[in-house]
Structure formats: C-alpha cells, structure tokens
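Architecture and fold: a report
Chain by chain, the residues run as shown.
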Amino acid sequence: MKKQLIWASALMATVLWTSSCTKNEEQEETKSILPSTFSIDVPDAISSGSSSRATQSDTLNGNQIYGNLRGFIHIGEEAGLMVQSIITAISVYQINHAMSLTYTSNEDQRAKNLVVVENQVFEGKTYEFKLSVTDAQSETNADGGKALQVFWNRTSIEGIAILKPYNIDRDENLNQADAIIRVDYSETGNMGYEKHMIVSIANLNNVNMDHFYAKNIKMFVGRTGDIVEVYGNSDHPNANFFTNQTGFDWAFVAASDRTLNIGVAEVGLPSNTLNSTNRTTILVDNAIRTVFSNQIATLGYAQADIDRYLYHTEAPGYFNAGGFVQGETAPNSSYQTIQNKIGSLTPYNPYLISQLNVEFD
C-alpha cells in the first residue's frame, strides 16, 4: 500500500518542477500569494516509510502489528507533504494575483491549464483564492480533467487541496485513474490545536492484487507545541486473517513527543461494516489482539498457545526513534504525557471510511 502513495508523492513533486509554461512577462514582481505551509511533520517514532518485521517465526511479534502503524501514518503524512511540494513548485510562476497560464508537463507531455481566481466559495466557506490545474485534453471528460484545486486564506491560515494524480501525470498513474486525495490544513486553532491537517484518500486501485491493500484512508494530525496527536482509519475491503471473514478497518490513535521522538498508540481491527463512533467499541472490543485471539480460537488452538503466538501485541504499543519498542507496559515514565493524550482520541467511523468519497468543487 505504501507504493500506492509513493507514486503520487514523487510525481506531484516532480511534474510541476520540471514543467515549462508561457506566462505574461509583464506580471508585477510581488510576493507570491500562495500559502507557505500546508502540512505537519510527524515524528519518526510513529511515522516511517519502512515497517518493522517480526524476529520470531513461531510468534506474531508486536512489530508486525504496531510496526505497520508507522507505515499507515507515513502515507498520510506524505500526502500533506505532497501538497506542500506542489505549492512550493508552483510558486516559481510568480503567482501574485488572479491569473491564468498554460504549461506542458515534461512527465506526460500533455498541456495543463492553471487558473487562479479570488473570493471563491467551497462547502459554504469563502476563501480568498482558488487555484485550479486541469489536463487540457481531458477537460471535456466526465471529471473535467481536474488535477488539482487549492482553496486558501492568507489572513487566517487555512486551506483545502484536492488532487487527482491521474490528471497530473497520465503516464505514471495509468493504473490509478480513480484515486483522489484531499488535504485540509488550518492554523486557526478551531479544533483545539495550534495547527492541524486532515488527509483523505479515496478509490485507490489494487494494482498489485494484494488482498491487504487499502482502498480508502482518512487521518487527522494535530500539533500543539511538541506534542503531535494522530488518529484515523484505513479500509481494507479484501483483507482476511485466520478465518474466511473478509473486510477490515485498521483503526488507530497515536501521540508523539517531537523533542523526545517517542510515541504511543492503540490499534483496532474492526469489520469495515462496523457503524460506530464509540472508542471502546472500535479500539477495545476490536483490539487487534482480541480479534486475532478470537479468530485463532475458532481453529481449535488452546488459549495458552494463542497467548504465546500473540507475543507483545497487548495495547498500547510504545515507540522510540527506532520504531516499535514493546506493548502494554511503558518503557519508562517519559511516555506518561503522550499516553494520557491517546485516551481522548477516537478513530473515525469504520463504515463511513469504507464509503469515503472525495470530490472536486
């Protein structure tokens, strides 16, 4: 699944840096109106492009459960960084007022139209600016050839970015024609944090025919001072484990200290049809250890054998800069503050994540 976002991150950062365009040479040389920030850095303790692996073949080590969490969070973080890269790249076009231009992508050699307009309403809210990029040859298609839309305010820093990688680079994303990404970013404090972002990714295709692939992902990241709090879900419609039950939601809450680079997390594995916003139902009743233990028990194994197999999988999981450390018991007292934080966090409704839809204006 990580590869499904890596393609997007790489191409979005590259295509706009390497594209050529024609623009009005008489544009006034003023400071760019584009937002300077559109993402939040998540500490390595709970975000990594590589997952930990079990070291014992006869056990399901906690690394396999909690190590994967870092990979899921990393995907969401990369989506935010992708938006940041795009905005930085577009700034070379000296976007300082309402304007339009056309450039040819060096990636798929297709013309892209870029338009900036002022005072636009999206989802009932008025934004100072809206930037749109479309694939020129696809503007008559059902999706309008829409590749990117960014709505943002400068006075109170906030904005929404929506991306369709297929229309950014038709060659690289031929197998992801339906994938769409949205990042909501704010520094207004309206959700109780100094800054926060919400990443939504919908309609990923199962390119590698992996029955654990993620179709939809939604993740919240909030930061105040050195503390970063994260919660979210990924929908795995084809996943099954020890029985024939298919369709699971990977639900998680986590908190991390940026200075100490430590983290703590709880992970649940409810059915992706579970229609609930109750924290206990999602994370306790459907804790991964509980779900796996119940499934293995139906195969006739004794509880003692199951307990030995589910080694270090108790909640919560603790992390440091190197990744997963251990489960259930904190390594030391440094984790107390962030452990208290996750008790107030709840993932999204698993059923709603399975039905997640992201749309352009």
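It should be emphasised that the depicted structure is a prediction, and the values quoted were computed from it without experimental measurement.

1. Let's talk about the overall build of the protein chain
Along the backbone of the protein chain there are eight helices and 14 strands. When the 361 residues of the protein chain are sorted by exposure, 54% land in the buried category. Of the roughly 15,200 Å² of accessible surface on the protein chain, a fraction of 45% belongs to carbon and sulfur atoms.

2. A word on the packing of aromatic side chains
One pass over the full model with this rule turns up 13 aromatic pairs. With a centroid separation of 4.8 Å and 15 degrees between ring planes, the pair formed by phenylalanine 220 and tyrosine 231 is classed as stacked. Taken together, the residues phenylalanine 220 in strand E9 (residues 216-224) and tyrosine 231 in strand E10 (residues 227-236) connect sequence positions 11 residues apart. Accessibility classification places phenylalanine 220 together with tyrosine 231 in one group, the buried group. Between the aromatic rings of phenylalanine 241 and phenylalanine 248, the centroid separation amounts to 5.0 Å while the plane-to-plane angle is 70 degrees, which identifies the pairing as edge-to-face. The exposure class assigned to phenylalanine 241 is partly exposed, which follows from its relative accessible area of 27%. Residue phenylalanine 248 is classed as buried on the basis of its relative accessible area, which comes to 2%. Of the aromatic side chains, those joined through ring pairs into one cluster are Phe212, Phe241, Phe242, Phe248, Phe292 and Tyr309.

3. Things to note about the pairing of strand E8 (residues 195-202)
Across the eight residues that make up E8, a large majority, eight, are buried. Note: strand E7 (residues 180-186) against E8, seven bridges, orientation antiparallel. In the strand pairing of E8, serine 186 is matched with histidine 196. Alignment of E8 against E9, held across seven bridges, turns out to be antiparallel. Following the sheet pairing, serine 200 is matched in E9 by lysine 218.

4. Describing the confidence of the model for the protein chain
Should pLDDT be low for a region, the predicted coordinates there are not to be read in detail. The share of residues in the protein chain with pLDDT of 70 or more is 82%, and the mean pLDDT across the chain is 84. Under a pLDDT of 50 for its full length, residues 51-57 has, in the predicted model, 15 contacts with residues more than four places off or in other chains.

5. Observations concerning empty space enclosed by the protein
Inspection of the entire model under this criterion finds two cavities of 30 Å³ or more. Split into classes, the residues belonging to the lining of the second largest cavity amount to six nonpolar, one polar and one charged.

6. Focus on the pattern of salt bridges
Enumeration over the complete set of coordinates arrives at 15 salt bridges. Between lysine 164 and aspartate 143 there is a salt bridge; the shortest N-O distance is 2.8 Å. With lysine 164 in the loop between strand E6 (158-163) and helix H3 (165-168) and aspartate 143 in the loop between strand E4 (125-135) and strand E5 (146-153), the pair connects residues that are 21 residues apart, well separated along the chain. What makes lysine 164 buried here is its relative accessible area of 11%. Taking relative accessible area as the criterion, aspartate 143 reaches 25% and is therefore assigned partly exposed. Here arginine 308 ties to aspartate 305 by a salt bridge, and the two come within 2.1 Å at their closest N and O atoms. Highlighted residues: arginine 308 and aspartate 305, both in helix H6 (residues 303-309), separated by three residues, approximately one helical turn. Given the relative accessible area of 54%, arginine 308 is considered exposed. With relative accessibility at 35%, the residue aspartate 305 sits in the partly exposed group. One salt-bridge network, in which partners are shared between bridges, spans Asp108, Arg110, Lys112, Asp135 and Arg170.

7. Digging into the environment of aspartate 257
Relative to the assigned elements, aspartate 257 resides in strand E11 (residues 248-257). Note on aspartate 257: relative accessible area 14%, which makes it buried. Spatially, the C-alpha atoms of aspartate 257 and tyrosine 335 are 8.7 Å apart, while their sequence positions differ by 78 residues. What aspartate 257 contacts, discounting residues up to four positions off in sequence, is Asp226, Ile227, Ile262 and Ile338. A distance of 3.0 Å separates a polar side-chain atom of aspartate 257 from the backbone nitrogen of leucine 260.

8. What about the pairing of E5?
Counting buried positions along E5 yields seven of eight residues, so the element is predominantly enclosed. Taken together, the six bridges between E4 and E5 define a ladder with antiparallel strand orientation. Following the sheet pairing, valine 133 is matched in E5 by leucine 148. In this sheet, E6 lies alongside E5 in antiparallel orientation, the contact comprising six bridges. Across the sheet, residue tryptophan 152 finds its bridge partner in E6, namely glycine 159. Between E5 and E6, which pair antiparallel in sequence order, lie four residues.

Procedures and definitions
- Residues numbered from 1 in each chain as written.
- Predicted model: local features only at pLDDT ≥ 70, side-chain atom pairs only at ≥ 80, totals over all residues.
- Heavy atoms only, no water.
- Helix = DSSP H or I, 4+ residues; strand = E, 2+ residues; numbered from the N terminus.
- Buried < 20%, exposed > 50% of the residue type's maximum accessible area, 1.4 Å probe, protein only.
- Areas by Shrake-Rupley, 256 points an atom, 1.4 Å probe, with all protein chains shown as cover.
- Phe/Tyr/Trp six-rings, centres within 6.5 Å; stacked < 30°, edge-to-face > 60°.
- Pairing = 2+ DSSP bridges.
- pLDDT = per-residue confidence, 0-100.
- Contact = heavy atoms within 4.5 Å.
- 1 Å grid on protein atoms, 1.4 Å probe; cavity = no way out; pocket = protein on both sides within 12 Å on 5 of 7 lines; lining within 4 Å.
- Points joined across faces, edges and corners; volume = space filled by probe spheres on them.
- Nonpolar A, V, L, I, M, F, W, Y, C, P; charged D, E, K, R; others polar.
- Salt bridge = Lys/Arg side-chain N within 4 Å of Asp/Glu carboxyl O.
- Polar contact = N/O pair within 3.5 Å; in protein donor to acceptor, adjacent residues only side chain to side chain.

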